[in-house]
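Descriptive structure summary
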Amino acid sequence: MNNPKTEVLTPLNSQLIFIDHQPQMAFGVQSIDRQTLKNNTVALAKAAKIFNVPTTLTTVETESFSGHTYPELLAVFPDAPLLERTSMNSWDDQKVRDALKKNGRNKIIVSGLWTEVCNATFALSAMNDAGYEIYMVADASGGTTKEAHDYAMQRMIQAGVVPVTWQQVLLEWQRDWKNRATYDAVMELVREHSGAYGMGVDYAYTMVHKAPERVQHGPSLAPVAASV
């Protein structure tokens, strides 16, 4: 029998859930730079939108504790419902279970806060109770300490969770550069969110392929040596 975890992620076999990307939860994150965390989370969301991957957004105690979901994340999915909960474990809320089941994909990609609580309990419960495969986006999730994040990741991996990164997911979905329907959007996403990789793409486009620069700017003035 084939191991389903050896299947490459595709836009047709996976779905995505964002868990509790809210300010008060982010304030407690110490395992990753919080601006990097937001960048990676929003990049993953944009990747899902490019490939039309079903996406669930769930929140916890928005009004009483956690605050409102990142505006940058909401802007990617302006019409998506926010599935509010009281439980730290998203699996405890029937709305979440129903949304995941409705999407009809057994591979669930997870990005959330905190790794050691909301991510871990959801992952273990969804695997144990419903047989889902869980792919945990390590760099779009965060814990209250580096140890908390790392040991939670280890615990989940031991239980069968597959660790991934946001860019790994993006490129697995793209798979082949001949897939032109998504090529330009993927390149735009990379240039905006992928740091050195994105800068390298800009360099290759402009210096090697002689493409115009992405932004217009003022005139470049030639060097003028100052008088001694």
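Residues numbered from 1 in each chain as written. Predicted model: local features only at pLDDT ≥ 70, side-chain atom pairs only at ≥ 80, totals over all residues. Heavy atoms only, no water.

In the nomenclature of an unreviewed UniProt entry, the protein chain is known as Hydrolase of Pseudomonas kribbensis.

Let's talk about the sheet that holds strand 6 (residues 162–164)
Overall, parallel pairing links the six strands, which are arranged 3-2-1-4-5-6 in an open sheet. Each end of this open sheet is capped by a strand with a single partner; those strands are strand 3 (82–85) and strand 6. Taken over all neighbouring pairs, the strand axes of this sheet differ in orientation by 25 degrees on average, direction set aside. Judged from the six bridges that link them, strand 1 (residues 14–19) and strand 4 (residues 107–112) form a sheet pairing that is parallel. In the strand pairing of strand 4, Gln 15 is matched with Ile 108. Packing of helix 8 (residues 166–174) onto the sheet brings it into contact with strand 1, strand 4, strand 5 (133–137) and strand 6, and relative to strand 6 it is tilted by some 95 degrees. (Pairing = 2+ DSSP bridges. Helix = DSSP H or I, 4+ residues; strand = E, 2+ residues; numbered from the N terminus. Axes fitted to C-alpha atoms, helices over the stretch in contact; angles between N-to-C directions. Contact = heavy atoms within 4.5 Å.)

With respect to empty space enclosed by the protein
Applying the stated criterion across every chain, the model contains one cavity of 30 Å³ or more. Lining the largest cavity are Phe 18, Ile 19, Asp 20, His 21, Gln 22, Leu 57, Thr 58, Thr 59, Thr 69, Leu 73 and Leu 82. Within the residue set of the lining of the largest cavity, elements represented by two or more residues are strand 1 and strand 2 (55–60). Top element by residues in the lining of the largest cavity is strand 2. It accounts for three residues. (1 Å grid on protein atoms, 1.4 Å probe; cavity = no way out; pocket = protein on both sides within 12 Å on 5 of 7 lines; lining within 4 Å. Points joined across faces, edges and corners; volume = space filled by probe spheres on them.)

Observations regarding the pairing of strand 5
When a strand is regular, its side chains alternate between the sheet's two faces. Counting buried positions along strand 5 gives five out of five residues, so the element sits mostly inside the fold. Residues Glu 133, Tyr 135 and Val 137 point to one face of strand 5 and Ile 134 and Met 136 to the other, with burial holding for every one of them. When strand 4 meets strand 5, the two strands line up parallel, connected through four bridges. Paired with Lys 107 across the two strands is Glu 133, which belongs to strand 5. (Buried < 20%, exposed > 50% of the residue type's maximum accessible area, 1.4 Å probe, protein only.)

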